[in-house]
Every structure is written in C-alpha cells, then in structure tokens.
Amino acid sequence: MTHEAGHARIIGRDAWGPELDIVLGDGSCREVIGPRSGASLRSLYAIELAEGASTISLRHRVEAVYYVIDGKASVESADAGERLTLEEGAMFHAAPGTDYRIVASSRAFLIGGPSPVDPAFGTPAAEVDATDTGTPELRGFHRDDPGLMVPFISADARLVVWYGARAATANMNYVVLEPGERNTEHVHRYSEDTIYIVEGRGTAEDVTNGAKLSFGPGDVVHIPAGVIHAVAADLGERVISVGGPCPADLDMLRAVGVDVEGLTAELELS
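Model, not experiment: these values are computed from the prediction.

*Asks:* I'd like a description of the pattern of salt bridges, backed by residues and values.
*Replies:* Evaluated as defined, the whole model comprises 17 salt bridges. With a shortest N-O distance of 2.9 Å, Arg13 and Glu48 are connected by a salt bridge. Placement of Arg13 in the loop between β1 (9–11) and β2 (23–24) and of Glu48 in strand β4 (residues 44–49) is noted, with a sequence separation of 35 residues between them. Arg13 gets classed as partly exposed once you look at its relative accessible area, which sits at 42%. Since its relative accessible area comes to 28%, Glu48 is described here as partly exposed. The partner of Arg182 in a salt bridge is Glu185, and the shortest N-O contact between them spans 2.9 Å. The exposure class assigned to Glu185 is partly exposed, which follows from its relative accessible area of 42%. Taken together, the shared-partner salt bridges connect Arg189, Asp251, Arg254 and Glu261 into one network.

*Asks:* I'd like to hear about the side chain of Ser191, residue by residue, with values.
*Replies:* Inspection of the secondary structure puts Ser191 in the loop between β15 (172–177) and β16 (192–199). Within the structure, Ser191 has its side chain in polar contact with the backbone oxygen of Pro247 (distance 2.7 Å). The residues touching Ser191, leaving out its near neighbours within four places in the chain, are Leu41, Ile223, Pro224, Ala225, Pro245, Cys246, Pro247, Ala248 and Asp249.

Conventions adopted
Residues numbered from 1 in each chain as written. Predicted model: local features only at pLDDT ≥ 70, side-chain atom pairs only at ≥ 80, totals over all residues. Heavy atoms only, no water. Salt bridge = Lys/Arg side-chain N within 4 Å of Asp/Glu carboxyl O. Helix = DSSP H or I, 4+ residues; strand = E, 2+ residues; numbered from the N terminus. Buried < 20%, exposed > 50% of the residue type's maximum accessible area, 1.4 Å probe, protein only. Polar contact = N/O pair within 3.5 Å; in protein donor to acceptor, adjacent residues only side chain to side chain. Contact = heavy atoms within 4.5 Å.

Written out as structure tokens, the structure reads:
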C-alpha cells in the first residue's frame, strides 16, 4: 500500500491487510493501519470473534489499547493476574510486556493494537522477550467514564485512556460530532492522529495540503504529525469515532489547562 507522505488519508475496509493467524475458533484479525500501511506511532487491528472464539496470547514491548465496538468478551493476562469483563463501549490498556488474550462470550468486534507500531504483531506472547519492560498491568476503562473533556475537538470529546491515566503512547479517545459540528483546526506536532469511524459520514480536512476527504463507517482517518487538520460532521449525520493522537499530545493537554509536568512526574514515579 502506497500513500503520499505528509498528507491525510482515508483507509477503507477494502484496503485493510490480509487476515492474521491469531484467532482460535471462528473469527478474524486484520490490520487496519500499521506497519504494512506505513504507520509508525499507532496501529489498529480489527478483531472479530464468534462466541467462544479467542485470540492467542499476545505481548508487545510497547503499550496497547483496544475498544469494544460491539458484543461481549473478556481479556485476561496470566502475567498481571487479571481478567476483565468487556462490553460495548469498554476499553482496555496493556502495559509494555503484558500478555493478554481476548475471549468472546458473544459475537464481539474490537478495534485497537500496540502503540508505537509493533512490526512483530501476532507473535505468540511466549516468544516475546519482556524482561526489561516493567511490571505487567492490564486495566479496564469505559467511554462513559472519561478522564478529560476537550471542547475544541467537539462538545462531546472524551479522553478515556489518556496521559492522565498513565497511558503515554497508547491512548483511546471517544468523540461524538453532532450534525454540522466541526473541530477547531489543529495540529499534533509529533503525534499521528488516527481515528476509526464507528458511525456516520463526514469530511476530514487536510488544511496543510488543501484537501478534503470524505469518510464513512469502518473507515480510518490518518493524519501524519505536523499536518493541520479538522474533522467535520458536514453530511447531515452524527459522527462517532475512537482513537486519537499517539503518543499523547502534551501540547494539546497544556492548551486545555492540564498540569502536564505534574502528570509526567507521577508517570515517572509509577
């Protein structure tokens, strides 16, 4: 897959990667955006599982985060001694070196992956060396319990798995744009902004390059670092997305009044 460097792009389902052999039972896993498509700071994988199916046990040397779009499942980690129940709207964050396995209790659909990108995604956990990655930790979150609201993104822009929750590189935001609503134009100097469209049709505006790109459900909007952009619900539909800038955009957090230095000190002590 080729793309023009320094330009926003839309990745539709027909451009997703081939199935990866990580599902036990009926289901599939495909790369939506990642090493195959030239991303480096966030990957997203679409994992669809039938009832009773599961992934193999995975592990990365970096953080990972997932969002449950539909269905019910659980995620378990032998290293962390944790098992979390997941339903629509739930998220989970795996610290570097943490093993995790997703098990569906009904048909389930999740989107997420490691951040930064893990070129070895799909390698069984037992084959990944995690001796110097820190303490294993698996934590659950939910879109209805945000840590911070960011009004210049939208009236309902929720930072859920974010820097203030000790997620430095693998964040997950939940954003609702009502019909006619549009982001304030903004830029992430050192973060890729990657959002998965859960619902609705609209336009991603690449202000830097003077381009407007239409998107719909199941598409991924990918904005390289340094590109001024905005997302608009300008086609008469409500737009719901998950994802956001990775790594955490500390400039953006400072702009909305967050004590980033205080959070950084806490993160370094944890």
